[in-house]
Each structure stands twice: as C-alpha cells, then as structure tokens.
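Single-letter residue listing:
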Amino acid sequence: MANLVRSKRFWISILLSIGIISLKVNPILLASIIFIITFIFNKNTIRPLKNYKFWIVILVLILIVPIFTGNQDTTFYGINYSSEQLQKTILMTLRGISVFLLFQVLTIDLKVNNIKPVFSKLGIKNFEIIYNLSNKIFPKIKSILTARYSLFKINWKKQKSIESIIIFLTDIFTDFFTLSDSILSEESEQYSVSPSNFINKYDLSQKPCLYIIVGDAGKGKTPWVEELIQLLQTDGHIVDGVISKKHKISDDNWYHDLIRISTNDKRQLTTMDKVETTTKVGKFKFYDDTIKWGNEQLKSINNSDWIIIDEIGLLEFDGGGFLPGLISSTEYSNQNILFTIRSSMQQYFDQFIIRRLPKLDQRERYYINL
Amino acid sequence: MESMQNNQKSIVSIAVFGTLWGFIEATLGNALHLLHLPFSGTILTSIALIIILIARIYNPTRGSTFLMAIIAAFIKAISFSTVKLGPFVAIIAEGILIEILLSTFRTGRVGFFTSGLVMAAYPIVQTVITKSILFGSSFVPVIIDLAGGFSKQVGYQAGWWLLGIYLMAQILLPLGAAYLAWTLKKRLAPRLQR
C-alpha cells in the first residue's frame, strides 16, 4: 500500500512538473488542472494557500508591478498599466502557485520518522544520543523558560529598560549552563561504560590513544572487549590483536584460549592440569609454544585501526609473556591501542608503560573501570 | 580523561542549546507565524543567532552548531503535524553557515559580527532563492524594475527608499543580535570560566 501511495505521488509529481514546464502554452487552463489534481491527491495540500502572506507577493506582482513598470499602454478605471507586464506577472503568479503545489505534493506526508534515519545513516556522529537526550530534557527547558519569563514580567513592570532584557537573557543562559553541567555530572555517573557508550563517549577519530580496560577477574573484561570488537568492525574499523578467552571444564578446572582477532586462529594458552612448562601464574600454567605463537601473531600485525591485547598481566609486567610482541606491534604503531588489565595491576600500569613501552607514554591514556 | 569529558560536555551542550533553539522556533516561531507579524523570519534568525553564539562559547567544538541546527530543525518539524520542509531546511542551512563562520573566525568579535552580517544577508538570499524557484528567474529583475518604476512615478527615489528600508530592517536585527550576544558574552564570562 505504501509503495502504491509512493508511486502515486511520484507520477503526480511528474505530471505536475510537465504542467509547470509547459505552463506558457495555456497558463490558466494548466494551472487549474494542476490545482484540481493536487486537490484530488490530498485536499490538505491547498490549505497553506489560505495564508494571506502567500498572496501579498502575488498581489504586488499582479496589481502593482504592471502600474509602475513597462510600457503603460492600457487604462483601467483611469489607471494606466502595462498589459505586457500584466501578462508576464500573471504567468509568474500561476507558476508560483503551481510550483508551490508541487512542493506540497512532495512533502505533505513527510514525517519526522522518515527524515530521522537519513541523519543516522549519514553517519552524523552521536546523532541518536543527542536526539534522545534532547527529548529527555525538553520539559526542563520549557520549565526554565517559563519560570524566567514570569520573573521577567514582574521585573519589567518595575523597570522597563534594555538592562532588564540583558539581565533576563543573562539569567536564562546561566540557567542553561547550570542545566548542562548538572546533566553532564548525571550522565557521568549513570554511564556504566558499555562498549557502545565507549564508542560514543570517546572521539575515536582523534589521534591514536591508549585505552585501558580495568576490572577484577570475572568482571567481564573479555566479553566487553568482544562486544567492542564487533561494534568497531560494524563501524568499518580494522581490529587486530589477541584476546584470551576463559573456558570452564568444571567448577575448579578452567583453561584459556588465545585467539587472534583478525583471523580467529586460536591456541590453548593455559591449563590447570599438570603439564611441563616454564611459565606459571597462580593456578594456571602457560603453554610456552602458545606464548611464542602469540608473540608471532602480534609481530605480524599491520594495517589495522585498532590493536587490542586482552589481557596484560604479571608476565608482561615482569618482561615476559607477550611483551616482545607488544613492543613490536605497538611501539611504532599509529593505531588506537586497548589493553585489559586486572584492577590490582592498575597502580603499576603507568610505571609499566614508562619502563617497557616508553613510546606509548606519549599517548593520551584513558582508564575505563568496569 | 579531559578529552572524554569534552566529548560528553559537547554532546550535552548540543542537546541543551539545540533543544532551546528548537523550542524557540517551535513556540515563538509558530506564534509569530499565526500573528502574521512582518519580519518574523528575521526575528527568529536573530534569536537563534544569540543562542548559537553563546552556545559556541560554552562548547567551542567544531561541528557543534551544525548538530544543534539538526536538533532544532527536528523539534520545529515535530511542532507541525507533517514536516514542513521549508523551515526544516532553513534552520539546517543557518546552522551550516554559522558553523563555517565560527570554525573560520572562532568566537571573537570578528566571528560574532561576521555571523551577524551573514545572518542579516541570509533571509534576503533565502527570499530571493525561494521566490525565484516559485515565480521564476525574472522575479528579482521585476522587483528591481518595480523599485525603479515607482521611484520614477512618485519621485524622491521612493521605490529605492522602500526597498532600502526593507533591506535595512532585515540587516539591523541580526546585527543587533550579534551585538547583544557580544554583550552577553562579557556578562557571562565569569560563569563560563568556572
């Protein structure tokens, strides 16, 4: 049905356009046909013609212009006018009404919901967030203006001066600054940093930064990162690096897989079983060949917009683990870099960067606590 | 962390001042329209200019004025049962123009008064464009002929004076708004430095 209506509008618009182009052939007849077609299509299209403002220009064109311009060759009740100019302005007027009706046909059923997706699709950053926030604060804005206007009316009775108006406006803007500040602090508190909030909060197109996702074990750092990767990839970013995904065998037996983000290749990284290894952290034993493989993967990263390493821990802080791969992939990189670390490691992180990855120390650094 | 705060501040301020602009357009704009007052477009443009300039001092982020305009245009659009494309496009065009000017000249005296001048010219240019689309390309020559013919018949350059007065009224309001915004900027400076 919608398609039918759309096609009906399309064909009527084509018809009206042809009528406008050939208006000179028989202006009054064609303009009348255009009017009738438009009225039949939707009677609301002609409603704006009731507005007197629309007719001011038309009256000037038809009644005034022929009297004051052109060759005054005809007289009407003693008033000289130019018949050539009158014909010209009548044609202009009929064209004006016809073009206006064409615009009405094109836009009469246009709803906000038809236009809104256009702006979202155009990729206007944060449009949806701003639009939703705007809807939320609309009543507050209304009440501020109403309250200030009531005060202004009282003051205006006492002192009618420009100064009163300036004070009124100064107060209004001060209220709006205060409103912005209070919303800002409210938003800061309520924004639990979900991956989508993260993307919206940070200007990811600015110079490459270092983001550190901080959270205790079991807080969901890896699922958070996985969601972020998906969002970034949907936005067209090339994401690479490694994530370490925890798997449960039983309540007291877990292991981790190391997964290359760009290729999805994976190797088992840790185990709680008894195996021969040189690397052990807590209950977990690390497979040396997986660490070696992980470093090779990190060294081979190029052409990505993001490097994500999940997670940096004691091994790297002590100069082992994936540090060689980290140095190689991040030191001269121009990508955004994101690490995850445990909360207990945060206090040593700045020192780790200075000592082990000094090139990254130049970058702006953001900690996101989950 | 500062950058994140700035981004968030920018989002909030665009929402607040864009909504304020849209609210004024929807309420005062529709009231002026119903009262059939002359120069209602220029009055609204002048008020919008004050809001835009003060908002830009609070949030000098590039692109913020354009986004404010989109929000204002949507609020204006919601105020009608169907979207009136004219006001919608006009608000967004205003936003784009001031965005370009403030990105170039920033929020100093030059930026304020250049914005005022351009906003003064904007309704005139808008009228010329819309009327030329409606009535054809001969609309402007006809009006100029009318001013000349009226002057010739009535004398005292009356036609040119009338046209001049109309144009001056269009120009003075936005320039006055720019001056008022500049005065407000000075008054609001202590609040903005906080």
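Position numbers for residues start from 1 in each chain and track the written sequence from start to end. Chain labels run from A onward and ligand labels from 1 onward, assigned in the order the entries are written. It should be noted that, the model being predicted, local features are given only for residues of pLDDT at least 70 and side-chain atom pairs only at 80 or more, the latter also being counted only at that level, while totals for whole chains, interfaces and linings use all residues.

Counting secondary structure elements, chain A contains 13 helices and 12 strands. Across the 370 residues in chain A, those meeting the buried criterion constitute 28%. Contacts here follow a simple rule: the backbone-placed C-beta atoms of the two residues must lie within 7 Å. Put simply, 61% of the contacts in chain A that link residues at least 6 apart link residues at least 24 apart. Numbering of helices and strands starts at the N terminus; helices are DSSP runs of H or I of at least 4 residues and strands are runs of E of at least 2. Three exposure classes are used. Buried residues have 20 or more other C-beta atoms within 10 Å of their own C-beta, exposed residues have 12 or fewer, and partly exposed residues fall in between, all C-beta atoms being placed from the backbone.

The next point concerns the overall build of chain B. Helix and strand counts for chain B come out as seven helices and zero strands. Traced from its N-terminal end to its C-terminal end, chain B shows the element sequence α-α-α-α-α-α-α. Residues classed as buried in chain B amount to 44% of the 194 residues present. When contacts within chain B are restricted to residue pairs at least 6 apart in sequence, long-range pairs at least 24 apart make up 70% of them.

Residue and element names in this part refer to chain A. Relative to the elements of secondary structure, Ile308 occurs in strand β10 (residues 306-310). By the C-beta count within 10 Å, which is 24 here, Ile308 ends up buried. For the pair Ile308 and Ile243, spaced 65 residues apart in the sequence, the C-alpha separation amounts to 7.4 Å. Here Ile308 is in contact with Val225, Ile229, Val239, Gly241, Ile243, Ile261 and Leu338, once residues within four sequence places are set aside.

Turning our attention to helix α12 (residues 323-330) of chain A. Taken together, the buried positions of α12 of chain A are Gly325, Leu326, Ser329 and Thr330 of chain A. Each buried residue of α12 of chain A sits inside an arc of 105° when the element is viewed along its axis, so together they form one side. By definition, the arc is the one covered by directions from the helix axis to the C-beta atoms.

Turning our eyes to something else, we now look at the sheet that holds strand β8 (residues 279-281) of chain A. All names here are of chain A. Spatial strand order, β7-β9-β8: three strands in an open sheet with antiparallel pairing. Across the chains shown, the open sheet's two edge strands, defined by having one partner strand only, are β7 (270-271) and β8. Strand pairing is defined by DSSP finding a minimum of two bridges between the two strands. Examined bridge by bridge, β7 and strand β9 (residues 284-286) share two bridges and lie antiparallel to one another. For Thr271, the partnering residue across the bridge sits in β9 and is Lys285.

Here the focus is the sheet that holds strand β6 (residues 266-268) of chain A. Residues and elements named next belong to chain A. Strands sit in the order β6-β5-β4-β10-β11-β3-β12 across an open sheet of seven strands; the sheet is mixed. Both edges of this open sheet fall to β6 and β12 (365-369), since each of them pairs with a single strand only. The mean inter-strand angle of the sheet, taken between neighbouring strand axes irrespective of direction, is 20°. In this sheet, strand β11 (residues 336-341) lies alongside β10 in parallel orientation, the contact comprising five bridges. Counted as the bridge partner of Trp306 is Asn336 from β11. On top of the sheet, helix α9 (residues 221-234) reaches β3 (210-214), β4 (239-250), β10 and β11; it is set at about 140° to β4, its chief contact. Under this scheme, a helix contributes an axis fitted over its contacting stretch, all axes are lines through C-alpha atoms, and angles between N-to-C directions fall in the 0 to 180 degree range.

At the junction of the two partners, chain B supplies 47 residues and chain A supplies 50 residues. Ranked by residue count, the leading element in the side of chain B that touches chain A is helix α1 (residues 2-35) of chain B, at 16 residues. Amino acids are sorted into nonpolar (Ala, Val, Leu, Ile, Met, Phe, Trp, Tyr, Cys and Pro), charged (Asp, Glu, Lys and Arg) and polar (every other residue, Gly among them). In terms of residue class, the side of chain B that touches chain A is built from 29 nonpolar, 13 polar and five charged.

All right, on to the nonpolar core then. In this description, a nonpolar core means buried residues of the types Ala, Val, Leu, Ile, Met, Phe, Trp, Tyr and Cys, linked to one another by C-beta atoms lying within 7 Å. Formed by 60 residues in total, the largest nonpolar core has its most connected members in Ile51, Met68 and Ile71 of chain B. Elements represented by at least two residues in this core include exactly α6 (127-158) and α7 (162-190) of chain A together with α1, α2 (40-58), α3 (64-78), α4 (85-105), α5 (109-135) and α7 (158-193) of chain B. Per element, the largest residue contribution to this core is 12 residues, and it comes from α2 of chain B. Residues within four places of Ile51 of chain B in sequence aside, it is in contact with Phe17, Leu20 and Trp21 of chain B. If you look at the next biggest cluster of nonpolar residues, it comprises 36 residues, including Leu210, Ile213, Ile307 and Ile309 of chain A.

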